[in-house]
Protein chains: 2
Amino acid sequence: MKFNIVRDQLLNALNDVMKAVSSKTTIPILTGIKIDVSTEGIRLTGSDADITIQTFIPTEKDGQQLIQIDETGSIVLQARMFNEIIRKLPTNEVEIEVTENYQTRIRSGKSDFHLIGLEPNEYPMLPEVSEENQISIPGDLLKSIIRETVFAVSTSESRPVLTGVNWKVTEEGLICVATDSHRLARRIVTLDNLPKDVESVVIPGKSLTELSKILSDSSTPVNIYMTNQQVLFKTEDVLFFSRLLEGNYPDTNRLIPETYQTTVQINGKELLQAIDRASLLAREERNNVVRFSTLDQNQIEISSNSPEIGKVEEEIQVQELTGDELRISFSAKYMMDALKSIDGQDVIIQFTGAMRPFIIRSIHDDSILQLILPVRTY
Amino acid sequence: MKFNIVRDQLLNALNDVMKAVSSKTTIPILTGIKIDVSTEGIRLTGSDADITIQTFIPTEKDGQQLIQIDETGSIVLQARMFNEIIRKLPTNEVEIEVTENYQTRIRSGKSDFHLIGLEPNEYPMLPEVSEENQISIPGDLLKSIIRETVFAVSTSESRPVLTGVNWKVTEEGLICVATDSHRLARRIVTLDNLPKDVESVVIPGKSLTELSKILSDSSTPVNIYMTNQQVLFKTEDVLFFSRLLEGNYPDTNRLIPETYQTTVQINGKELLQAIDRASLLAREERNNVVRFSTLDQNQIEISSNSPEIGKVEEEIQVQELTGDELRISFSAKYMMDALKSIDGQDVIIQFTGAMRPFIIRSIHDDSILQLILPVRTY
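All figures in this text were calculated on a predicted structure; none of them were measured in a lab.

### As for the sheet that holds strand β9 (residues 93–98) of chain B
And step 1. As summarised here, the arrangement of the nine strands in space is β25(A)-β21(A)-β22(A)-β23(A)-β11(B)-β10(B)-β9(B)-β1(B)-β7(B), forming an open sheet in which the pairing is antiparallel. Only two strands of the sheet have a single partner each, and these edge strands are β25 (327–331) of chain A together with β7 (67–71) of chain B. Averaged over all pairs of adjacent strands, the angle between strand axes in this sheet comes to 15°, irrespective of strand direction.
And step 2. Where strand β21 (residues 289–295) of chain A lies against strand β22 (residues 299–306) of chain A, five bridges are found, and the strand directions are antiparallel. Paired with T294 of chain A across the bridge in β22 of chain A is I300 of chain A.
And step 3. Contacting β1 (2–6) and β9 of chain B, helix α1 (residues 7–17) of chain B runs over the sheet at an angle of about 90° to β1 of chain B.

Below is the structure:
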């Protein structure tokens, strides 16, 4: 195996696959990155057994030669070491050559590295994912969907299935739901040509977070293939595989109230900032609970109280306030997460009394729904 | 106590005094910031017992009113909480009022905070530093002096005096020396009007690092006052006190060789980058040792070898090479620190054999000297 490559191209590709490599892995070969050189180009693979990322650099792109292949072949190199070496090389031209016993030589300018590689046949095979049942979503929309839901997954392993986001194909469209049983985030995406055979899947939150870092902000479609145990996200240059979570995802529809007693329409950004300030004091008590109270004259008050440190009160003008008076307490963090996912737009908040879950939606758009369970404080 | 202030002014001043406040302090009152309001303006004080920083905001500056004082007085407020509250306030106008029992009210826009303050009389007094024996150094030069020496202080408490930088007034000028007994950094500064009565002092490295963060890059002079136990750095707005380290600083002059057997003149930046690359492999073995060898034809070679991972070699063209052949090993980190302190200029390196300390200087300037002890590897 021997080739010359433009360093920046190799660095970009490495940057993507490095996201799958974990230093905590117990499988030694997975501390490495697999390099496969064919006459068409170079394929890099990184994996932590849960997530596998593969990128491809073609020998030529837009008429420009990126790689000169002298000899094809495969090798596995220590991921972090290889990445750092490539990053620090003195010139933008790199020659990589593998000789006997996986001895790998990396040359650039007057730098001459000799690395001891690993047996490429020991590297695990890619998961098999059939290319039927395809969903196609523009990259920027997919990024939004992840941002609007993934923060609400559970961080506790006591119910593993809740550490993932449930994706379900229905007649309404694709429904994405995450909940840690204290709050819930739901995003409905209407898409054409949804497959009919796909079952509901649960994608680990961590996988979606990593995927999001790789996606560009363009509307170029990402093709998604789901099977029983794996999901594959396919962009122009990258294949992103993730295992799926096993177990039945709970039916969350029954959590969402159908009638409301108090409805508030308010500027989401002002509310977010007021809660952020109130949480400064609430945080010190460890529970981070703030209070929301309706006042007369179309105002609400955000407050918190920490006997040792002090208290804070802030009034906010609302755009509309209908229904019953209300005093309710909730986690400042959950509310801030929910408001951030709606991106500072004007929001409608609908309450069913101080002890029942309440929901937050954008006034412009019904596709995002955030639900929060209040905290009993009195 | 009651005043109104422009928030940005308060934030700037807080930003400086916060650098002295440590969350690790065992003295409860030092978790706070002291605020003293007089008719002239507001003084903020933060301290961790070793370092004390005081800033002053005048009521008026350049004809612009910054503060409106309604009532003078003093209070101590929890530093981190106060800083975060001020940072997150909704408007640029802040009113702060202290009523009975140190109850403190902070208002801005519709935000209304009530904090429980601490007794200002419990806050320690400022160290006493006589304003005799003044040294005056431009701020940007003082910053350079710190950058060129402080990295070489010892991080081990086994000889506490080595955790500081020794400042000594001599006929040559101000001599600043730091050493951890494996390497040494020396900076000589020629200054006019040096005081004659000042003894040699040892300033804690940590204090100088914090001071450096506060200094601006302007040439406005910083006045420095040294006594037996304290040093005071005085800029236009800030008083920075640090305790001094006790104990005799070792005489380091005898460490510096007087004759040399090999002299190399080389581009400092190229050498730095080659050592950075070689250290990628050297680091894995934990000792981080690289080898420097003279070659014929005005070249040297930087190399390192890690039996488990691989090896690297790199040749560098030198500008001049005189004296004996040499193979020497040293800590990549020490060499990189030394070269960084000389800022990528061309350097002269003078060796006295593979087992003796060697020195590094800029070709332009004798004022910085870096010395490194080699490592025995064969």
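That was the structure; now back to the text.
### Let's talk about unusual backbone geometry
The phi angle of most residues is negative, glycine excepted, and most peptide bonds adopt the trans form.
Residue and element names in this part refer to chain B.
And step 1. Phi angles above zero are rare outside glycine, and A49 is one such case at about 80°.
And step 2. Locating A49 in the fold gives a position in the loop between β3 (41–47) and β4 (51–58).
And step 3. Residue classification places A49 among the partly exposed residues on the basis of a relative accessible area of 46%.
And step 4. Phi is positive for N101, which is not a glycine, with a value near 55°.
And step 5. With respect to the helices and strands, the residue N101 is situated in the loop between β9 and β10 (103–108).
And step 6. Accessibility expressed as a relative area gives 62% for N101, which makes it exposed.

### Concerning the pattern of salt bridges
And step 1. Applying the stated criterion to the full structure yields 34 salt bridges over all chains.
And step 2. In this structure, the salt-bridge partner of D48 of chain B is K206 of chain B, at a minimum N-O distance of 3.5 Å. Taken together, the residues D48 of chain B in the loop between β3 and β4 and K206 of chain B in helix α4 (residues 205–214) connect sequence positions 158 residues apart.
And step 3. Sharing partners across several salt bridges, the network here consists of D180, R183, K333 and D337 of chain A.

### A word on the interface of chain A and chain B
And step 1. Across the boundary between the two partners, chain A contributes 30 residues, which contact 30 residues of chain B.
And step 2. Between chain A and chain B, a total of about 2700 Å² is buried, with carbon and sulfur atoms accounting for 55% of that surface.
And step 3. Interface area lost by chain A to chain B is led by K88, K110 and R277 of chain A, which between them contribute 22%.
And step 4. Taken together, the links from chain A to chain B amount to two salt bridges.
And step 5. A salt bridge links K88 of chain B to D276 of chain A, with the nearest nitrogen and oxygen atoms 2.8 Å apart.
And step 6. Looking at the side of chain A that touches chain B, the elements that each hand over two or more residues are α2 (79–88), β11 (111–116), α5 (268–284) and β23 (310–317) of chain A.
And step 7. Residue composition of the side of chain A that touches chain B, grouped by class: 12 nonpolar, five polar and 13 charged.
And step 8. Pairing of β23 of chain A with strand β11 (residues 111–116) of chain B involves five bridges; the strand directions are antiparallel. By the bridge assignment for β11 of chain B, E314 of chain A is matched with S111 of chain B.

### What about the domain arrangement of chain A?
Residue and element names in this part refer to chain A.
And step 1. For chain A, the assigned domains are domain 1 (2–122), domain 2 (134–253) and domain 3 (256–372).
And step 2. Summing the contributions of domain 1 and of domain 2, the shared interface buries around 1100 Å²; its carbon and sulfur component is 51%.
And step 3. Of all residues in domain 1, K19, D50 and I51 give up the largest surface area on contact with domain 2, accounting jointly for 45% of the area buried on that side.
And step 4. Our count for the contact surface shared by domain 1 and domain 2 stands at two salt bridges.
And step 5. For the side of domain 1 that touches domain 2, the element with the most residues is strand β4 (residues 51–58), which contributes six residues.
And step 6. Classifying every residue of the side of domain 1 that touches domain 2 gives three nonpolar, three polar and five charged.

### Details of the pairing of β3 of chain B
Residues and elements named next belong to chain B.
And step 1. Taking burial as the measure, the seven residues of β3 include six buried ones, the bulk of the element.
And step 2. Two strands pair when backbone bridges link them, and strand β2 (residues 32–37) and β3 are joined in this way by four bridges, in the antiparallel orientation. Paired with V37 across the two strands is I42, which belongs to β3.
And step 3. Remark: three residues form the turn of the hairpin made by β2 and β3, two consecutive strands paired antiparallel.
And step 4. The sheet contact formed by β3 and β4 spans seven bridges and is antiparallel. Each residue of the ladder has a partner; that of G41, found in β4, is P58.
And step 5. Here β3 folds back onto β4 in antiparallel fashion, the turn holding three residues, of which A49 has a positive phi close to 80°.

### Observations regarding the environment of S219 of chain B
All names here are of chain B.
And step 1. Looking at where S219 falls in the secondary structure, it is placed in the loop between α4 and β17 (221–226).
And step 2. When the C-alpha positions of S219 and L142 are compared, they lie 9.2 Å apart, and in sequence the two are 77 residues distant.
And step 3. Setting aside chain neighbours within four positions, we find S219 in contact with P138, G139 and D140.

### Some words on the UniProt feature "domain: DNA polymerase III beta sliding clamp N-terminal" (unreviewed entry) in chain A
And step 1. UniProt marks residues 1–127 of chain A with the feature "domain: DNA polymerase III beta sliding clamp N-terminal" (unreviewed entry), using the numbering shown here.
And step 2. Helix makes up 17% of residues 1–127 of chain A and strand 46%, with an end-to-end C-alpha separation of 25 Å.

### Here's the deal with the sheet that holds β17 of chain B
Residues and elements named next belong to chain B.
And step 1. Spatially, the eight strands line up as an open sheet ordered β8-β2-β3-β4-β19-β18-β17-β12, and their pairing is antiparallel. Here the strands that pair on one side only, and so sit at the sheet edges, are β8 (73–78) and β12 (134–138). Between one strand axis and the next, the sheet turns by 20° as a mean value, whatever way the strands run.
And step 2. Relative to β17, β12 is paired through five bridges, and the arrangement is antiparallel. Its bridge partner being in β17, P138 is matched across the sheet by P221.
And step 3. Where helix α3 (residues 139–149) meets the sheet, its contacts fall on β12, β17 and β18 (230–234), and the angle it forms with β12 comes to roughly 90°.
And step 4. Each of β4, β18 and β19 (238–243) touches α4; the most contacted strand, β19, lies at about 170° to it.

### Structural notes on the pairing of strand β18 (residues 230–234) of chain A
Look at any regular strand and the pattern is simple: side chains alternate between the two faces of the sheet.
All names here are of chain A.
And step 1. Counting buried residues along β18, four of its five residues qualify, which places the element largely inside the surrounding structure.
And step 2. Taking the residues that link successive antiparallel strands as the turn, the strand β17 (residues 221–226)-β18 hairpin has three residues.
And step 3. Looking at chain direction, β18 and strand β19 (residues 238–243) are connected through five bridges and run antiparallel. Residue pairing in the sheet places K234 in a bridge with L239 of β19.
And step 4. With antiparallel pairing between neighbouring strands as the criterion, β18 and β19 make up a hairpin whose turn holds three residues.

### Let's talk about helix α2 (residues 79–88) of chain B
And step 1. Extensive coverage of α2 of chain B is indicated by the burial of eight of its 10 residues.
And step 2. Among all positions of α2 of chain B, only A79, M81, F82, N83, E84, I85, I86 and K88 of chain B are buried.

### Notes on the relation of the copies chain A and chain B
And step 1. Note on the copies: chain A fits chain B at an RMSD of 0.0 Å, the axial shift is 0.0 Å, and the rotation between them is 180°. In short, the pair behaves as if placed about a two-fold rotation axis.
And step 2. When you check the interface residues of chain A against chain B, 100% turn up at the interface there too, and the contact is symmetric in its surfaces.

About the thresholds
Residues numbered from 1 in each chain as written. Chains lettered and ligands numbered in written order. Predicted model: local features only at pLDDT ≥ 70, side-chain atom pairs only at ≥ 80, totals over all residues. Heavy atoms only, no water. Pairing = 2+ DSSP bridges. Helix = DSSP H or I, 4+ residues; strand = E, 2+ residues; numbered from the N terminus. Axes fitted to C-alpha atoms, helices over the stretch in contact; angles between N-to-C directions. Contact = heavy atoms within 4.5 Å. Buried < 20%, exposed > 50% of the residue type's maximum accessible area, 1.4 Å probe, protein only. Salt bridge = Lys/Arg side-chain N within 4 Å of Asp/Glu carboxyl O. Buried area = accessible area lost by both parts, 1.4 Å probe. Nonpolar A, V, L, I, M, F, W, Y, C, P; charged D, E, K, R; others polar. Domains from an automatic or database assignment. UniProt positions renumbered as here; feature names shortened; annotations may be inferred. Least-squares fit on C-alpha atoms with pLDDT ≥ 70 in both.

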